[in-house]
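Coordinates in review
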Amino acid sequence: VLAGDTEEAICSHAMFYAIWRKYGALPERFNWNTKNPDVLFYPLRPELVESTYVLYQATKNPFYLHVGSDIVQSIEEHTKVECGYATLHNVIEKTKEDRMESFFLSETCKYLYLLFDEDNYLNKEGNKYIFTTEGHILPIHKHERERTWNSYSKDALKYNVQSSYSTNTSY
């Protein structure tokens with residue numbers, strides 16, 4: 001979606017969501033040849049939730065709200081423990097590990113919250129902000145908001161990156 005290929009993003013998301021539906025979580029590694037997980041644990045990673053949020057923001061298709069609701073139900077049913085949420089040791093047997101990675105709260109929960117909070121400032125002013133890979137919110141300079149990614153040529157991007165490294169001696 002962020003690269004402008006929404007159709008490809010929709011297809012990729014659908015494949016990962018199908019795996020989620022089958023196991024109620026995403027195994028850490030899935031073998032597309034055997035159609036089975038190779039690594040069975042699920043450490044509460046945010047990527048599917050983040051993709052769901054971004055696709056909903058791009059399309060406003062209520063299907064992604066359904067996906068988010070399904071993910072919340074699965075997390076509540078399979079990973080909730082007395083003092084938080086636990087990594088699944090095995091997505092098939094739903095056995096848990098005594099571990100909750102920090103990205104669960106900082107990213108997975110954040111994207112779920114934003115998915116359902118239509119009135120959130122970030123959702124209303126989304127073109128003014130971008131999320132880092134760690135889910136941190138950064139403002140986009142007004143100059144950069146005026147251009148679309150498609151307006152940058154590959155040569156211009158290459159030149160801008162090279163010139164910023166060659167002329168900035170503080171690196």
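Structure: see above.
In what follows, the accompanying structure is described. (Residues numbered from 1 in each chain as written. Predicted model: local features only at pLDDT ≥ 70, side-chain atom pairs only at ≥ 80, totals over all residues. Heavy atoms only, no water.)

**Description of the packing of helix 1 (residues 6-23) against helix 3 (residues 63-79)**
- For the pair helix 1 and helix 3, interaxial distance at closest approach is 12 Å and the crossing angle is 30 degrees. On the basis of their axis angle, the class for helix 1 and helix 3 is roughly parallel. Judged by the twist between their axes, the crossing of helix 1 over helix 3 is left-handed. Where helix 1 approaches helix 3, its residues Ile10, His13, Tyr17, Trp20 and Arg21 are matched on the opposing element by Phe63, Tyr64, His66, Val67, Asp70, Ile71, Ser74 and Ile75.
- Residue composition of the contact of helix 1 with helix 3, grouped by class: eight nonpolar, three polar and two charged. (Axes fitted to C-alpha atoms, helices over the stretch in contact; angles between N-to-C directions. Helix = DSSP H or I, 4+ residues; strand = E, 2+ residues; numbered from the N terminus. Parallel < 35°, antiparallel > 145°, perpendicular 65-115°, else oblique. Left-handed = near helix turned anticlockwise from the far one by under 90°. Contact = heavy atoms within 4.5 Å. Nonpolar A, V, L, I, M, F, W, Y, C, P; charged D, E, K, R; others polar.)

**Some details on the packing of aromatic side chains**
- Summed over the entire model, instances satisfying the criterion amount to seven aromatic pairs.
- Here Tyr53 and Tyr111 contribute two aromatic rings whose centre-to-centre distance is 5.8 Å and whose plane-to-plane angle is 40 degrees, an arrangement assigned as tilted. Pair noted here: Tyr53 is in helix 2 (residues 47-59) and Tyr111 is in helix 4 (residues 102-116), with a separation of 58 residues, a long-range link. Considered together, Tyr53 and Tyr111 belong to a single accessibility category, that of buried residues.
- With a centroid separation of 5.3 Å and 75 degrees between ring planes, the pair formed by Phe63 and Tyr64 is classed as edge-to-face.
- Assessed through its relative accessible area of 37%, Phe63 is described here as partly exposed.
- Assessed through its relative accessible area of 4%, Tyr64 is described here as buried.
- Every member of this aromatic cluster is reached through a ring pair, and the members are Phe16, Phe30 and Trp32. (Phe/Tyr/Trp six-rings, centres within 6.5 Å; stacked < 30°, edge-to-face > 60°. Buried < 20%, exposed > 50% of the residue type's maximum accessible area, 1.4 Å probe, protein only.)

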